[in-house]
Amino acid sequence: MNISISLQREFVPEWNNNKESEDPIVVVYKAPTMNLRQQLIPNPKIVLKISPNGKAEGGETTIEVDNRKIIYGMLEEIKNLTLTVDGKEKEIRTANDLYSGPAFLGGLVDEIGAFFQKELSKNVDVKN
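Parameters at a glance
Residues numbered from 1 in each chain as written. Predicted model: local features only at pLDDT ≥ 70, side-chain atom pairs only at ≥ 80, totals over all residues. Heavy atoms only, no water. Helix = DSSP H or I, 4+ residues; strand = E, 2+ residues; numbered from the N terminus. Expected span 1.5 Å × (residues − 1). Buried < 20%, exposed > 50% of the residue type's maximum accessible area, 1.4 Å probe, protein only. Arc of directions from axis to C-beta. Contact = heavy atoms within 4.5 Å. Axes fitted to C-alpha atoms, helices over the stretch in contact; angles between N-to-C directions. Parallel < 35°, antiparallel > 145°, perpendicular 65-115°, else oblique. Nonpolar A, V, L, I, M, F, W, Y, C, P; charged D, E, K, R; others polar. Phe/Tyr/Trp six-rings, centres within 6.5 Å; stacked < 30°, edge-to-face > 60°. Pairing = 2+ DSSP bridges. Core = buried A, V, L, I, M, F, W, Y, C linked by side-chain atoms within 4.5 Å.

Draft legend 1. Main features of helix α4 (residues 106–121). Look at α4: 23 Å from first C-alpha to last across 16 residues, which is about the 22 Å you get at 1.5 Å a residue. Among the residues of α4, Leu108, Val109, Ile112, Gly113, Phe116, Glu119 and Leu120 are the ones counted as buried. For α4, the angular spread of the buried residues around the axis is 130 degrees, confining them to a single face. The elements touched by buried residues of α4 are β1 (8–11), β2 (26–30), α1 (34–40), α2 (67–74), β5 (75–79) and α3 (95–99).

Draft legend 2. Structural context of the packing of α2 against α4. As a packed pair, α2 and α4 sit with axes 9 Å apart at the nearest point and diverge in direction by 75 degrees. By the angle class used here, α2 and α4 are roughly perpendicular. Between α2 and α4, the residues in contact are Asn67, Ile70, Ile71 and Met74 and Val109, Asp110, Ile112, Gly113, Ala114, Phe116, Gln117, Glu119 and Leu120, respectively. Each residue belonging to the contact of α2 with α4 can be placed in one class, and the counts come to eight nonpolar, three polar and two charged.

Draft legend 3. Summary view of the packing of aromatic side chains. What the rule picks out here adds up to eight aromatic pairs. Look at tyrosine 72 and tyrosine 99: their rings are 5.6 Å apart centre to centre, the planes differ by 25 degrees, and that puts the pair in the stacked class. With a gap of 27 residues between them, tyrosine 72 in helix α2 and tyrosine 99 in helix α3 connect regions that are remote in the sequence. A residue is classified by how much of its surface remains accessible, and tyrosine 72, at 33% relative accessible area, is partly exposed. Since its relative accessible area comes to 24%, tyrosine 99 is described here as partly exposed.

Draft legend 4. Representation of the side chain of aspartate 97 within the structure. Counting through the fold element by element, aspartate 97 comes out in helix α3. Among all residues touching aspartate 97, those that are not within four sequence positions of it are Lys90, Glu91 and Ile92.

Draft legend 5. Highlighting the sheet that holds β2. Sheet architecture is open: three strands sit in the order β1-β2-β5, paired in antiparallel fashion. The open sheet is flanked by β1 and β5, the only strands paired with a single partner. Each strand of the sheet is rotated relative to its neighbour by a mean of 20 degrees, with strand direction disregarded. When β1 meets β2, the two strands line up antiparallel, connected through four bridges. When the sheet's bridge partners are listed, glutamine 8 is paired in β2 with lysine 30. α2 contacts β2 and β5 of the sheet and is inclined by roughly 85 degrees relative to β5.

Draft legend 6. Highlighting the nonpolar core. Residues Ile71, Met74, Leu81, Leu98, Leu105, Ile112 and Phe116 are the most contacted members of the largest nonpolar core, which totals 23 residues. Mapped by element, the contributors of at least two residues to this core are β2, α1, α2, β5, α3 and α4. Examining the composition of this core, we find that five residues originate from one element, α4, more than from any other. In this view, methionine 74 contacts Val28, Tyr29, Lys30, Pro32, Leu36, Leu40, Phe116, Glu119 and Leu120; residues no more than four positions away in its chain are not counted.

Here it is in structure tokens:
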């Protein structure tokens, strides 16, 4: 069997009415690989509380999602995003550019991070 896949994908964020733009921002990203999923999907941490007499008294599970790590791990390129800051144009093309930009980009960062999280957690249905 031959299965055709692409290792690079694109999506158009909705942030700031981007989808209605004549020249929308396009985010190019790595298709999740098994290795990338292993590196970027957080593992749950289980903390059990034990009483002084050795009996379990409950516990908690925590998962910490690091959008920055996910974006740096998956983002290949941002197309068509230029900011004019104090009269100077600044092109935003990389994760570094994105995170060194103004806080105004926070909504875009959140949307990209949430999208990448969904991509990483997708299950592929395989039927014979």
